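One-letter residues, chain by chain:
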Amino acid sequence: MAGASDLRDRRAIWLFLAPMLVVLATVAAWPLARTLFYSVTNASLIDMSIYDFVGFDNFIAYDNGRWYGVLTDPQWLRALRNTLLFAFVSVSIETVLGVVIALVVNANLPGRGLMRAAMLVPWAIPTVVSAKIWAWMLNDQFGAINHLLMGAGLIDAPMAWLGGSGLAMASIVMVDVWKTTPFVALLVLAALQTLPRDCYEAAAVDGIHPVRLLFRVTLPLIRPALAVAVIFRLLDAMRMFDLVYVMTGSNSETMTLSVYARQQLVSFQDVGYGSAASTTLFGIIVLVTALYVALLKPLGRERAS
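Being a predicted model, the structure only gives us computed values, none of them experimental.

The next thing to look at is the overall build of the protein. Helix and strand counts for the protein come out as 13 helices and two strands. Radius of gyration (C-alpha) of the protein: 24 Å, far over the 19 Å computed for a compact globule of 305 residues. With the principal axes as the frame, the protein shows a C-alpha extent of 80 × 75 × 35 Å. The buried share of the protein, reckoned over its 305 residues, is 33%. A separation of at least 24 residues holds for 64% of the contacts in the protein among residues at least 6 apart in sequence. Carbon and sulfur atoms make up 69% of the accessible area of the protein, which totals about 17700 Å². A distance of 9 Å separates the average location of the 21 positive side-chain charges in the protein from that of its 19 negative side-chain charges.

Have a look at this one:
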């Protein structure tokens, strides 16, 4: 009887999951399969019905004394560096600021309800809109940022925030931090509100310093929520496209892997090469995610023991 009941439960579970699996297969698995297929062809956007299989030549190949393919393209290597730099710096800053904001909003302060609502405004604005607003504000001729800094006497002449490589990447990181820090803060705040109060009451009785309490009690308890926030932000940062493309276009100084793939696929109309670039990006994201999860496992076992 127990076995029959378990079988019915499993069938019911799969029945309820079936619509979601069909939707995922339609919007995710099928486009991914098509991308993988075209990555080993020389298909062109001009006529995608005409193509030849080229194997892994789009990724890496050697002919006539030279290497060619996505993995050997200097522009792709630069885009890889930009992507990793952007992901590491932005996610690191967002994690620290998100925790700080969540701790402040979680405190028993007047007006904290308004603070919680206000911190979600940047996250609620569409990324393209945010990018366009900040691009205008950072304009070197009529941007509000230069006007304010010059009015305060902090700079003597307008700065090309989106012109130089260093300033452009720093500006993009700043805008991304402004927009997505509320997401991290929201997840951390939800975790903070579920923490047992008896731990803090016992710590107050023992006279433990608040800083020590933060690192010894609070952060270890919210580690699962923080890990989820970091992995979601890492995935978004690794495939960043809209913010970079709207603010700086296809500038090689700030080009990410997604912008590179779009350039090959749309601007150059090379479906095979662009699909190979997209497939490579997918593989890098999977690798980075696997490494991050692998690093979290020892911490989880240590906590469990």
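There's more to say after this.
A full pass over the atoms with the stated rule returns 12 aromatic pairs. Their ring planes at 70° and their centres at 5.6 Å tell us that Trp134 and Trp178 sit as a pair that is edge-to-face. Of this pair, Trp134 sits in helix H5 (residues 127-137) while Trp178 sits in helix H7 (residues 165-192), and the two are 44 residues apart along the sequence. Looking at Trp134, the relative accessible area reads 13%, which means it is buried. Residue Trp178 is classed as partly exposed on the basis of its relative accessible area of 32%. Joined through ring pairs, the aromatic side chains of Phe37, Tyr38, Tyr51 and Phe53 make up one cluster.

With that settled, the discussion passes to unusual backbone geometry. Excluding glycine, a negative phi dihedral is what most residues carry, and trans is how most peptide bonds are arranged. At Asn64, a position not held by glycine, the phi torsion is positive, near 55°. Within the fold, Asn64 resides in the loop between strand E1 (61-63) and strand E2 (66-68).

A few words now on the packing of helix H2 (residues 74-106) against helix H10 (residues 223-238). Running from N to C, H2 and H10 point in directions that differ by 150°, and their axes come no closer than 9 Å. When you trace H2 past H10, the crossing you get is right-handed. Facing Thr83, Leu84, Phe86, Ala87, Ser90, Val91, Glu94, Thr95 and Val99 of H2, the residues of H10 in contact are Leu226, Val230, Arg233, Leu234, Ala237 and Met238. Grouping the constituent residues of the contact of H2 with H10 by class yields 10 nonpolar, three polar and two charged.

Each pair of packed helices can be summarised by the angle the axes make with each other and by the distance between the axes. Two numbers describe how H2 lies on helix H12 (residues 257-267): the axes approach to 8 Å, and their chain directions differ by 145°. Side by side, H2 and H12 meet where Gln75, Trp76, Ala79, Leu80 and Thr83 of the first sit next to Leu257, Tyr260, Gln263 and Gln264 of the second. The residue makeup of the contact of H2 with H12, split by class, is five nonpolar, four polar and no charged.

This paragraph deals with the nonpolar core. Core analysis: the biggest nonpolar cluster contains 40 residues, and Val70, Trp76, Phe86, Leu243, Met247, Leu257 and Tyr260 have the highest contact counts within it. Contributing elements (two or more residues each) for this core: H2, H5, H7, H10, helix H11 (242-248), H12 and helix H13 (271-304). At seven residues, H13 tops the list of elements feeding residues into this core. Of all hydrophobic cores here, the second largest spans 19 residues; its members include Phe183, Val188, Ala191 and Ala203.

What follows is about the pattern of salt bridges. Taken as a whole, this structure holds five salt bridges when the rule is applied. Here Glu253 ties to Arg78 by a salt bridge, and the two come within 2.7 Å at their closest N and O atoms. Here Glu253 is found in the loop between H11 and H12, whereas its partner Arg78 is found in helix H2, with 175 residues between them in sequence. Across the salt bridge formed by Asp236 and Arg239, the nearest N and O atoms sit 2.8 Å from each other. Take Asp236: its relative accessible area is 27%, and that puts it in the partly exposed class. Taking the relative accessible area as the measure of exposure, Arg239 reaches 44% and is therefore partly exposed. Through salt bridges with shared partners, a single ionic network connects Glu94, Asp176, Arg233, Asp236 and Arg239.

A few words on the side chain of Gln263. Along the polypeptide, Gln263 turns up in helix H12. Ignoring anything within four residues of it in the chain, the contact list for Gln263 reads Gln75, Ser250, Met255 and Phe268.

What counts, and at which threshold
Residues numbered from 1 in each chain as written. Predicted model: local features only at pLDDT ≥ 70, side-chain atom pairs only at ≥ 80, totals over all residues. Heavy atoms only, no water. Helix = DSSP H or I, 4+ residues; strand = E, 2+ residues; numbered from the N terminus. Rg over C-alpha atoms; globule rule 2.2 N^0.38 Å. Buried < 20%, exposed > 50% of the residue type's maximum accessible area, 1.4 Å probe, protein only. Contact = heavy atoms within 4.5 Å. Areas by Shrake-Rupley, 256 points an atom, 1.4 Å probe, with all protein chains shown as cover. Lys, Arg positive; Asp, Glu negative; His and termini not counted. Charge placed at Lys NZ, Arg CZ, Asp CG, Glu CD. Phe/Tyr/Trp six-rings, centres within 6.5 Å; stacked < 30°, edge-to-face > 60°. Axes fitted to C-alpha atoms, helices over the stretch in contact; angles between N-to-C directions. Left-handed = near helix turned anticlockwise from the far one by under 90°. Nonpolar A, V, L, I, M, F, W, Y, C, P; charged D, E, K, R; others polar. Core = buried A, V, L, I, M, F, W, Y, C linked by side-chain atoms within 4.5 Å. Salt bridge = Lys/Arg side-chain N within 4 Å of Asp/Glu carboxyl O.

By themselves, these figures tell us nothing about what the structure is for.
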